[in-house]
Amino acid sequence: MGLQLYNTLTRQKEHFKPLHPPYVGMYVCGPTVYGDPHLGHARAAVTFDVLFRYLQYLGYRVRYVRNITDVGHLEGDADEGEDKILKKARLEKVEPIEIAQRYTALYHKAMDALGVLRPSIEPTATGHIAQQIAMIQRILERGYAYEVNGSVYLDVEAYRKAYPYGILSGRSVEELIAGSRDLEGQSEKRNPWDFALWKRAEPSHLMQWDSPWGRGYPGWHIECSAMSIHYLGVPFDIHGGGLDLIFPHHEAEITQAQACYGEEACHQARYWVHNNLVTIEGQKMSKSLGNFITVEEIFTGTHPQLSRGYPPMALRFLILQAHYRSTLDFSESALLAAYRGYLRLMTAYRRLMEVRPHVYSSFPVKAWREKVFAALDDDLNTAAALALFFEQTEDILKLRRQELFLTQEDLDSLQKTWKEVLLDILGLQPDAHVKWQQWERAIQLLLNLRREARSNKNYALADLLRDELDRIGVKVLDFPDETLWEMHP
Ligand SMILES: [Zn+2]
């Protein structure tokens, strides 16, 4: 079988075959660092974190590059409006680099909390101006760009005479013509659908660099082409990002790569992988609708639509419970259900580690393990994989209670699958929300006191302890021979 990924470029699932095994090069568009990390950031980061972890689990040596956009991303996502970072810096009366570094740090903090591994390389756009200028120069030399008044634009008309344009998004130039607005300041373009590779900067512009065309700054799209190709070569294996980046950003990247390197660039990357977006109770998430939720607001419960805070693993679990190509609809009830599901699996995990082996097995383990990996291989279907774990939680309680049995070999295999998939590949942390060992000892202590009270026929105290434990999220399960416990939200 092996891993299959849905390739946006070919619109089908394809077997994943790296260009230079065992090496895999993966580039994912990182954040534009001008605001707090939000649900959209979390979903993209967790999606590609799972892909990064799974590729490594499969034995590949992965170089994962995820950039920081700290210049050139304009408000309109195209060539219009103010630079997002400059605007924030102007509003807050600080240097652009202060904005970039503050929000880079907040992004790291939020993603670390979510258990997202850091990429192998995290290049900044401002740190790679030379590579961007070199790429633009080569595109100019090959005749697919033109310079006007110190700005350089990609010449879409010249490009499409040599290469098909719109191949990733499926947009035709006719659609682009219909959708293009000829805004003021864009009149220097030959065609409104040409896009900026380099923009001239006025002397007052706070971020500018020397270039062969005078002082200026790069366009957003060229940054990602230049940084990905610099670290991964061209073509490389996987280019990822959110669905909203397909056009214009990723279409522009492919255009630039082929304008620069010709046919050999081969669409810049072999597999273009896109995660779907987050909606909030069925609506698009946006600042103007007031339903914009940051990751920090979920952790602290400070958003007006939330009644309480949730641990990072509840959010990670919510993201994993949807297939990455489906929309993820966020609501507090969905988050609470995810938290409940996370605790249920972590309780089962803890119990499974306490199971003792037997001389025979009550049920087969190998077939189940194969189903779990088949789900992951099927375009990273984390939702289907988690469903298979849920199916086992009842049996694990029975294993722990010695009502079902596994041989040492089967038990080892089952424990290994739970650990490898839930912890190593899906990145769930069983002890992320509490210090488990301290917590367990404290609960055991209370349960011992309760047993003591019951043996002294002090049932009022025993019941009080049970109810108080329930209030802090610990459910007590009495069996004739012993007492177990589990957590609820
Ligand atoms: Zn990008």
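The structure reproduced in this document is the subject of the present report. Keep in mind that this is a model prediction, so the values were computed, not measured.

Thoughts on the side chain of Glu251
Phase 1 of the analysis: Within the fold, Glu251 resides in helix 8 (residues 246-261).
Phase 2 of the analysis: One buried charged residue, Glu251, remains without a salt bridge, the closest side chain of opposite sign being Arg11 at 6.6 Å.
Phase 3 of the analysis: Not counting residues up to four positions away in its chain, the partners in contact with Glu251 are Tyr165, Gly166, Ile167, Leu168, Ser169, Gly170 and Ile246.

A few points about the pattern of salt bridges
Phase 1 of the analysis: In this structure the tally under the stated criterion is 30 salt bridges.
Phase 2 of the analysis: Of the charged contacts, one joins Glu122 and Arg66 as a salt bridge, the two residues approaching to 3.2 Å between their closest N and O atoms. Here Glu122 is found in the loop between helix 3 (96-113) and helix 4 (129-141), whereas its partner Arg66 is found in strand 4 (residues 61-66), with 56 residues between them in sequence.
Phase 3 of the analysis: You can call Arg66 buried: its relative accessible area is 3%.
Phase 4 of the analysis: Here Arg160 makes a salt bridge to Glu157, at a shortest N to O gap of 3.3 Å. With a gap of 3 residues between them, Arg160 and Glu157 both fall in helix 5 (residues 156-162), about one helical turn apart.
Phase 5 of the analysis: Using a relative accessible area of 35% as the deciding quantity, one classes Arg160 as partly exposed.

What to know about the pairing of strand 6 (residues 151-154)
Phase 1 of the analysis: The side-chain alternation of strand 6 yields two buried faces, one formed by Ser151 and Tyr153 and the other by Val152 and Leu154.
Phase 2 of the analysis: The turn joining strand 5 (residues 145-148) and strand 6, which pair antiparallel and follow one another in sequence, is formed by 2 residues; a positive phi near 50° is taken by Asn149.
Phase 3 of the analysis: Relative to strand 7 (residues 195-200), strand 6 runs antiparallel, the two being bridged by 3 bridges. The residue of strand 7 that forms the bridge with Tyr153 is Ala196.

Some thoughts on the packing of aromatic side chains
What characterises a pair of aromatic rings is the spacing of the ring centres plus the angle enclosed by the ring planes.
Phase 1 of the analysis: Under the definition given, this model contains 17 aromatic pairs.
Phase 2 of the analysis: For the pair Phe16 and Tyr271, a centre-to-centre distance of 5.1 Å together with 55° between the ring planes defines the contact as tilted. Of the two residues, Phe16 sits in the loop between strand 2 (12-15) and strand 3 (23-28) while Tyr271 sits in strand 10 (residues 269-275), which places them 255 residues apart along the sequence. Each member of the pair, Phe16 together with Tyr271, is buried.
Phase 3 of the analysis: Among the aromatic residues, those joined into a cluster by ring pairs are Tyr144, Tyr159, Tyr163 and Tyr165.
Phase 4 of the analysis: Sitting over the ring of Tyr310, Arg308 keeps its end group 4.8 Å from the ring centre.
Phase 5 of the analysis: The ring of Phe479 carries Arg401 above its face, with NZ or CZ at 3.7 Å from the centroid.

Side note on the sheet that holds strand 5
Phase 1 of the analysis: The strand order across the open sheet built from 4 strands is 5-6-7-8, with neighbouring strands paired in antiparallel fashion. Strands with a single pairing partner mark the edges of an open sheet, and in this sheet they are strand 5 and strand 8 (216-218). Averaged over neighbouring strand pairs, the angle between their axes works out to 20° when direction is ignored.
Phase 2 of the analysis: Here strand 7 runs beside strand 8; their pairing, made up of 3 bridges, is antiparallel. By the bridge assignment, Trp198 is partnered in strand 8 with Pro218.
Phase 3 of the analysis: Packed on one face of the sheet, helix 8 meets strand 6 and strand 7 and runs near 80° to strand 7.

Cut-offs used in this document
- Residues numbered from 1 in each chain as written.
- Predicted model: local features only at pLDDT ≥ 70, side-chain atom pairs only at ≥ 80, totals over all residues.
- Heavy atoms only, no water.
- Helix = DSSP H or I, 4+ residues; strand = E, 2+ residues; numbered from the N terminus.
- Buried < 20%, exposed > 50% of the residue type's maximum accessible area, 1.4 Å probe, protein only.
- Lys, Arg positive; Asp, Glu negative; His and termini not counted.
- Salt bridge = Lys/Arg side-chain N within 4 Å of Asp/Glu carboxyl O.
- Contact = heavy atoms within 4.5 Å.
- Pairing = 2+ DSSP bridges.
- Phe/Tyr/Trp six-rings, centres within 6.5 Å; stacked < 30°, edge-to-face > 60°.
- Lys NZ or Arg CZ within 6 Å of the ring centre and 35° of its normal.
- Axes fitted to C-alpha atoms, helices over the stretch in contact; angles between N-to-C directions.

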